[in-house]
Amino acid sequence: MSEVDSPSNFIQNKIDEDLKSEKVAVHTRFPPEPNGHLHIGHAKSICLNFGLAVKYSGTCNLRFDDTNPSKEETKYVKAIQEDVKWLGFDWGDNMFFASDYFDQLFEFAVQLIQKGKAYVDDLSPEQIREYRGTLSEPGKDSPCRNRTVEENLKLFQKMKAGEFAEGEKVLRAKIDMGSGNLNMRDPILYRILKATHHRVGDKWCVYPMYDFTHGQSDSIEKVTHSLCTLEFEDHRPLYQWFLDELEIYHPQQIEFARLNLNYTILSKRKLLQLVEEGHVDDWDDPRMPTLSGMRRRGYPPEAIRDFCERIGISKSNSVVDFALLEHCVREDLNRTATRVMAVLRPLKVVLVNYPENQVEEMDAVNNPEDPDAGTRKMPFSRVVYIEQDDFMEDPPKKFFRLGPGREVRLKHAYVIKCEEVVKNEAGEVVELRCTYDPNTRSGSTQDGRKIKGTLHWVSADHAYKAEVRLYDHLFTHENPADEKVCPDLKSSLNPDSLEIIKEALLEPYLKNAKGRFQFLRLGYFCVDTTISTNPIFNRVVTLRDTWAKIVKK
RNA sequence: UGGGGCGUCGUCAAGCGGUUAAGACACAGGUUUUUGAUGCCUGCAUUCGGAGGUUCGAAUCCUCCCGCCCCAGCCA
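Residues numbered from 1 in each chain as written. Chains lettered and ligands numbered in written order. Predicted model: local features only at pLDDT ≥ 70, side-chain atom pairs only at ≥ 80, totals over all residues. Heavy atoms only, no water.

*Asks:* Explanation requested: a positive patch on the surface in the structure shown.
*Replies:* On the surface, Lys 398, Arg 544, Lys 549, Lys 552 and Lys 553 cluster together into a positively charged patch. Considering the arrangement of structural elements, one finds Lys 549 in helix α13 (residues 546–552). (Patch = residues over 30% accessible without salt bridge, like charges linked within 9 Å, V, L, I, M, F, W, Y side chains within 5 Å. Areas by Shrake-Rupley, 256 points an atom, 1.4 Å probe, with all protein chains shown as cover. Salt bridge = Lys/Arg side-chain N within 4 Å of Asp/Glu carboxyl O. Lys, Arg positive; Asp, Glu negative; His and termini not counted. Charge placed at Lys NZ, Arg CZ, Asp CG, Glu CD. Helix = DSSP H or I, 4+ residues; strand = E, 2+ residues; numbered from the N terminus.)

Okay, structure coming up:
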């Protein structure tokens, strides 16, 4: 599989080069903030970081970047762990929290003050913004910039002791207010936040900013390659500045492009909006691009890993075709899913020459791709249901399913012929009266006549009724994430992203079933018991459908 | 001349001075098939954003130009 021979990318090339000069084990980290659920974009990062550790026999830490207590919650920590595990990765003993380093980080800040490289600023948030300047104009120094070391030390301790209100003071690095890089214009190191932290409670009322936390955390953990997304490129000089000034171990930050997928959005903020406005049930709605949503939908973790492998790693902003993800899912499921029969929109078929009350047990192959999967029995009787789409009263040329006077094969059973079409008062076809050919048991003709069409079916008396849910893209717009071409998110929502079929007819084998199946000729489905005790079958993905393409033309 | 990035097939993406410019998805044909599925076969960039230059030789090096993305949270 493609998981074995992963394609080359610039990060691997870099690591290969690094390994030539210094023989240290590769050490990466996946650093989510526990303020929401993981999505397929995070999967790219997880697969990259953990994948590199596996490939180079190194280590990958799971580290929670929990420096903003007002947004973070323990429930997210748990959900993230679950998602990473489900994806198939193991951090072993290497789970850390930035909050583990709060004492150390505070000491680092004190060191900078002592070196004259940090100062306490009294400016208000608004003033700080003004003093920062703009993209094209330099900023100007704060009046507090030249406080003495002693004064700064005293003030910083008072900040820590809770003697000031939120927003009253901050600790800033003393770098360069004229820098073209805004991140270097005396960035804030610590702010006052009188919030309870999900792990360390009320121990602190000053919290370090991301920039003052991330690099040092990487350094403490002896991370060799700190991989992050492109928007942090501008932060790299600052990342290095802290490590230099503190004179501690230097990991290297390398940036890559985040994942974009068409027909969906991958921004936490917008995903949250979908949940809060009720456009989806929750974060794990099977239409969501979250890992929990995909898990419920039935996407195998192997398929997601394969997908992440195939999309590659580069620095160019790109939008990956959702069809590639679906391809990976189909490829995995084709190999592994048991084939069963289910009729979603039933049409009654009575076999007029089949004995009343007779039931035959037909042998059905479980998976033609896997000889070891064996066979099972399927009951067959006088009344069966077929799919409404599989009958046309006035079929076009290339249609080779059932029609008046036509013959078709019921998979694993018999060849039948449509003798009579029964309609209701409205003129709708409600029943087909057919004859079966007793000489075609299991589906093969003895006189050598070719039967082009093969239909799935279910015996009326033995059918098991269950709810089936069909999903489609959440958005009709190909690129809902791009606000330039799609300014209104809501108007591009796909009104048909969910179709519920209350009573689909399934073969009895599916009673008490768990896991994923291929409903023959329809698609792959996965049992979901999240929202009801009765199993619901979620459609993972359809089968490729070239007939539908022909019809479209 | 604010700073930092990116431009190779419809979409991803290899390529790192000498290749017929990988591969995958998508698409289009054909074939096998008791799933219009799967499988198999074939086709799909004389050209690498553009223009110059260096070189025996350039997608790869240099120059200029063009286009796109990110940055002005006490978010990460």
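Moving on, there is more to tell.
*Asks:* Help me out: how do you make sense of the confidence of the model for chain A in this one?
*Replies:* Detailed reading of the predicted coordinates is not advisable wherever pLDDT falls low. In this model, chain A carries an average pLDDT of 96, and 99% of its residues clear a pLDDT of 70 or more. Overall fold confidence (pTM) sits at 0.96, and the ipTM for the predicted complex is 0.97. (pLDDT = per-residue confidence, 0-100.)

*Asks:* For this particular structure, what's the right way to read the sheet that holds strand β7 (residues 206–208)?
*Replies:* Whenever strands of a sheet pair, they do so through backbone hydrogen bonds, lying parallel or antiparallel. The strand order across the open sheet built from 4 strands is β4-β5-β6-β7, with neighbouring strands paired in antiparallel fashion. Each edge of the open sheet is held by one strand with a lone partner, namely β4 (118–121) and β7. Direction aside, neighbouring strands of the sheet carry axes that sit 20° apart on average. In the sheet, strand β5 (residues 170–173) pairs with strand β6 (residues 188–192) via 3 bridges, with the strands oriented antiparallel. Considered in β6, the bridge of Arg 172 is made with Ile 188. Relative to the sheet, helix α6 (residues 149–160) contacts β4, β5, β6 and β7, its axis offset from that of β4 by approximately 60°. (Pairing = 2+ DSSP bridges. Axes fitted to C-alpha atoms, helices over the stretch in contact; angles between N-to-C directions. Contact = heavy atoms within 4.5 Å.)

*Asks:* I keep staring at helix α9 (residues 268–276) and nothing clicks. Help me out?
*Replies:* Because each turn of an α-helix spans 3.6 residues, side chains separated by three or four positions in sequence point in the same direction. Burial in α9 covers these residues: Lys 270, Leu 271, Leu 274 and Val 275. Each buried residue of α9 sits inside an arc of 150° when the element is viewed along its axis, so together they form one side. When the buried face of α9 is taken as reference, the exposed residues oriented beyond 90 degrees from it are Arg 269 and Glu 276. Positive backbone phi, at 75°, marks Gly 278, one or two positions downstream of α9. (Buried < 20%, exposed > 50% of the residue type's maximum accessible area, 1.4 Å probe, protein only. Arc of directions from axis to C-beta.)

*Asks:* Just to check I follow, could you spell out the packing of aromatic side chains for this structure?
*Replies:* The description of two aromatic rings rests on the distance between their centres and on the angle between their planes. Overall, the coordinates contain 21 aromatic pairs when judged by the stated rule. With a centroid separation of 5.4 Å and an interplanar angle of 25°, the aromatic rings of Phe 50 and Phe 89 are classed as stacked. Placement of the pair is Phe 50 in helix α2 (residues 40–55) and Phe 89 in the loop between α3 (74–87) and β3 (95–97), with a sequence separation of 39 residues. Phe 50 sits in the buried class, given a relative accessible area of 3%. For Phe 89, a relative accessible area of 12% translates into the label buried. Where Tyr 210 meets Phe 232, the ring centres are 5.1 Å apart and the plane angle is 35°; that geometry is what we call tilted. With Tyr 210 in helix α7 (residues 210–220) and Phe 232 in the loop between β8 (225–229) and α8 (236–246), this residue pair connects regions lying 22 residues apart in the sequence. (Phe/Tyr/Trp six-rings, centres within 6.5 Å; stacked < 30°, edge-to-face > 60°.)

*Asks:* So what exactly am I meant to see when it comes to the environment of Lys 160 here?
*Replies:* For Lys 160, the location among the structural elements is in helix α6. Sequence separation of Lys 160 and Leu 38 is 122 residues, and the distance between their C-alpha atoms is 33 Å. Those residues within four positions of Lys 160 in sequence are excluded, and the remaining contacts are Phe 106, Trp 204, Cys 205 and Val 206.

*Asks:* Got a minute to help me understand the sheet that holds strand β16 (residues 407–410) in this structure?
*Replies:* Pairing is mixed across the open sheet formed by 7 strands, whose spatial order is β19-β16-β17-β18-β12-β15-β20. Looking at the sheet topology across the chains shown, the edges are occupied by β19 (454–455) and β20 (458–459). Sheet analysis places strand β17 (residues 415–423) next to strand β18 (residues 429–437), joined by 8 bridges and oriented antiparallel. Its bridge partner being in β18, Ile 416 is matched across the sheet by Tyr 436.

*Asks:* What's the story with the nonpolar core in this structure? I'm lost.
*Replies:* Here is a general trend for soluble globular proteins: nonpolar side chains tend to be buried in one another's company. With 41 residues, the main nonpolar core has Ile 40, Ile 46, Val 84, Ile 304 and Phe 307 as its most contacted residues. Looking at this core, the elements that each hand over two or more residues are α2, β2 (59–64), α3, α10 (291–297), α11 (301–311), α12 (322–336), β24 (523–528) and β25 (536–542). With 6 residues, the top contributor of residues to this core is α2. Contact partners of Ile 304, with chain neighbours within four places excluded, come to Ile 40, Ala 43, Trp 86, Leu 87, Leu 291, Met 294 and Tyr 299. Judged by nonpolar contacts, the second largest core, of 30 residues, contains Phe 164, Ile 192, Trp 204 and Phe 242. (Core = buried A, V, L, I, M, F, W, Y, C linked by side-chain atoms within 4.5 Å.)

*Asks:* Please clarify how the packing of α11 against α12 should be interpreted in this entry.
*Replies:* Between two packed helices, both the angle of their axes relative to each other and the distance between the axes serve to describe the pair. Two numbers describe how α11 lies on α12: the axes approach to 8 Å, and their chain directions differ by 135°. Judged by the angle between their axes, α11 and α12 are oblique. Helix-helix and strand crossings are classified by hand; for α11 and α12 the assignment is right-handed. Here Glu 302, Ala 303, Asp 306, Phe 307, Arg 310 and Ile 311 of α11 come into contact with α12, specifically with Leu 324, Leu 325, His 327, Cys 328, Val 329, Glu 331 and Asp 332. (Parallel < 35°, antiparallel > 145°, perpendicular 65-115°, else oblique. Left-handed = near helix turned anticlockwise from the far one by under 90°.)

*Asks:* Teacher, can you tell me more about the pairing of β2 here?
*Replies:* As a general feature of sheets, a regular strand has side chains that alternate between the two faces. Along β2, 5 of the 6 residues are buried, which leaves the element largely enclosed by surrounding structure. Two elements, strand β1 (residues 27–30) and β2, share 4 bridges in a ladder whose sense is parallel. Bridging from a neighbouring strand, Phe 30 pairs with Leu 62 of β2. The parallel pair β1 and β2, bridged by α2, forms a crossover whose chirality is right-handed. Where β2 meets β3, 3 bridges bridge the pair, whose relative direction is parallel. Bridging from a neighbouring strand, Arg 63 pairs with Phe 96 of β3. Of the crossover connections in this fold, the one passing from β2 over α3 to the parallel β3 is right-handed. (Right-handed = clockwise from strand over helix to strand, strands pointing away.)

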